[in-house]
Amino acid sequence: PFHRAAIESLTRVANGAPIVCPVPQSNKVLLGNPTVSKVVSGKPDQIQELARFIAEHHAKDHVVLCMADIYGEREMQRQMRWQLKLAMQAKGMDVRDSVPEVLCPRADISALIALLDTGSTNAMVVPSEDVEFITQVVNKLAPLTTKYRIVLYGLGNWMDINTLNIAAMNKLHTHIPASSFIDYSYPPVDAFIQRYRDRYSNEPGEYAFLGYDVTLYYGSALMQFGNSFPLHFAEVSAAPLHMAFRLGKLGPENGYRNGSAVVLEYKDRGLRPAQ
């Protein structure tokens, strides 16, 4: 089922059978539904993966958490602050000393620019989905890359903002998290596309890849472990094309979420998995 209401209806008549939510949904679909598993990682999972990446690559750099002064983004900012703290502490750092925070108006990031450090790489973490604010950050920081070493970290929805200057994003080595990534240079992806074209005389879209990977993973799980496969998610052997599966319980009375995410970087040849 695609929609939350349909999932809740199905759980009432499925007699405990596993239920798969194959499309993006809030983790709320898992609450009180222990037989449901959600395939596409949500924003909290992606923020967690981004925080881990930042801690792994910038433990000794100048990390700044830049927050838009927008009330509706407070929860997202709180999540990023908390995940950064956990990730930094795992690296033996105290986030209070190592990650300064700055609150900026939607149309003025001068306070952020004032914190740039000429003697270190500046990892600027911007947990915002506001188009005006993101545009300000990208357009104002990009010209400063001649003077400062800057790496910009944003959120997954940035790739859907068509007005952002891609050349500026490249200059800033912009990183964003995503639930999946289609690598068109990967031979199995190329083979899948060719077979899809032959069968349907069309190009496979995002849902074609999603449908293939979900069916492959859960079909493999069923074949390998039978109806009890949810108890063996970590042991399933499968080779999906564009996403990984790291399913774990959200809580004893809740369902399984896919906590897997990937960090992508804007490069001259397009978005690529960050190294």
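Up top you'll find the structure we're talking about.
What this report covers is the structure whose coordinates are included nearby. Because the structure is a prediction, the values reported are computed rather than measured.

A closer look at the environment of Lys85
Turning to step 1, where the next piece is worked out: Along the chain, Lys85 turns up in helix 3 (residues 74-90).
Turning to step 2, where the next piece is worked out: The sequence separation of Lys85 and Gly259 amounts to 174 residues, and the corresponding C-alpha distance is 19 Å.

A look at the sheet that holds strand 8 (residues 247-249)
Through backbone hydrogen bonds, the strands of a sheet pair up, either in parallel or in antiparallel fashion.
Turning to step 1, where the next piece is worked out: Spatially, four strands are ordered 1-2-9-8 in an open sheet, and the strand pairing comes out mixed. Two strands bound the open sheet, and with one partner strand each, they are strand 1 (19-21) and strand 8. Each neighbouring strand pair of the sheet contributes to a mean axis angle of 25°, computed without reference to strand direction.
Turning to step 2, where the next piece is worked out: With three bridges connecting them, strand 1 and strand 2 (residues 36-38) associate as parallel partners. Its bridge partner lying in strand 2, Val20 is registered against Ser37.

Looking at the state of the cysteines
Turning to step 1, where the next piece is worked out: Under the counting rule described, the total for this entry stands at zero disulfides.
Turning to step 2, where the next piece is worked out: Among the cysteines around Cys104, which has no disulfide bond, Cys66 carries the closest sulfur, lying 4.1 Å off.

Topic: the side chain of Asp213
Turning to step 1, where the next piece is worked out: Its place among the elements puts Asp213 in helix 9 (residues 206-225).
Turning to step 2, where the next piece is worked out: Among buried Asp, Glu, Lys and Arg side chains, Asp213 stands out as unpaired, with Arg195 the closest opposite charge at 9.3 Å.
Turning to step 3, where the next piece is worked out: Within polar-contact distance, the side chain of Asp213 engages the side chain of His242 at 2.5 Å.

Overview of the layout of surface pockets
Turning to step 1, where the next piece is worked out: Here the largest pocket defines a volume of roughly 890 Å³.
Turning to step 2, where the next piece is worked out: Residue lining of the largest pocket: 35 residues in total, with Gln46, Met159, Ala178, Ser179 and Glu206 positioned closest to the centre.
Turning to step 3, where the next piece is worked out: Broken down by element, the residue count for the lining of the largest pocket peaks at four residues, all from helix 2 (residues 43-58).
Turning to step 4, where the next piece is worked out: Of the residues in the lining of the largest pocket, the class split is 15 nonpolar, 13 polar and seven charged.
Turning to step 5, where the next piece is worked out: Volume-wise, the second largest pocket comes out at about 170 Å³.
Turning to step 6, where the next piece is worked out: For the second largest pocket, the lining is made up of 13 residues, of which Phe181, Leu241, His242, Met243 and Ala244 are closest to its centre.
Turning to step 7, where the next piece is worked out: By residue class, the composition of the lining of the second largest pocket is eight nonpolar, four polar and one charged.

Some points on the environment of Pro177
Turning to step 1, where the next piece is worked out: You can see Pro177 is positioned in strand 7 (residues 175-178).
Turning to step 2, where the next piece is worked out: Spatially, the C-alpha atom of Pro177 lies 18 Å from that of Val64, the residues being 113 residues apart in sequence.
Turning to step 3, where the next piece is worked out: The residues contacting Pro177, other than those within four sequence positions of it, are Gln46, Leu50, Gly154, Leu155, Gly156, Val262 and Val263.

How each quantity is defined
Residues numbered from 1 in each chain as written. Predicted model: local features only at pLDDT ≥ 70, side-chain atom pairs only at ≥ 80, totals over all residues. Heavy atoms only, no water. Helix = DSSP H or I, 4+ residues; strand = E, 2+ residues; numbered from the N terminus. Pairing = 2+ DSSP bridges. Axes fitted to C-alpha atoms, helices over the stretch in contact; angles between N-to-C directions. Disulfide = S-S within 2.5 Å. Buried < 20%, exposed > 50% of the residue type's maximum accessible area, 1.4 Å probe, protein only. Lys, Arg positive; Asp, Glu negative; His and termini not counted. Salt bridge = Lys/Arg side-chain N within 4 Å of Asp/Glu carboxyl O. Polar contact = N/O pair within 3.5 Å; in protein donor to acceptor, adjacent residues only side chain to side chain. 1 Å grid on protein atoms, 1.4 Å probe; cavity = no way out; pocket = protein on both sides within 12 Å on 5 of 7 lines; lining within 4 Å. Points joined across faces, edges and corners; volume = space filled by probe spheres on them. Nonpolar A, V, L, I, M, F, W, Y, C, P; charged D, E, K, R; others polar. Contact = heavy atoms within 4.5 Å.

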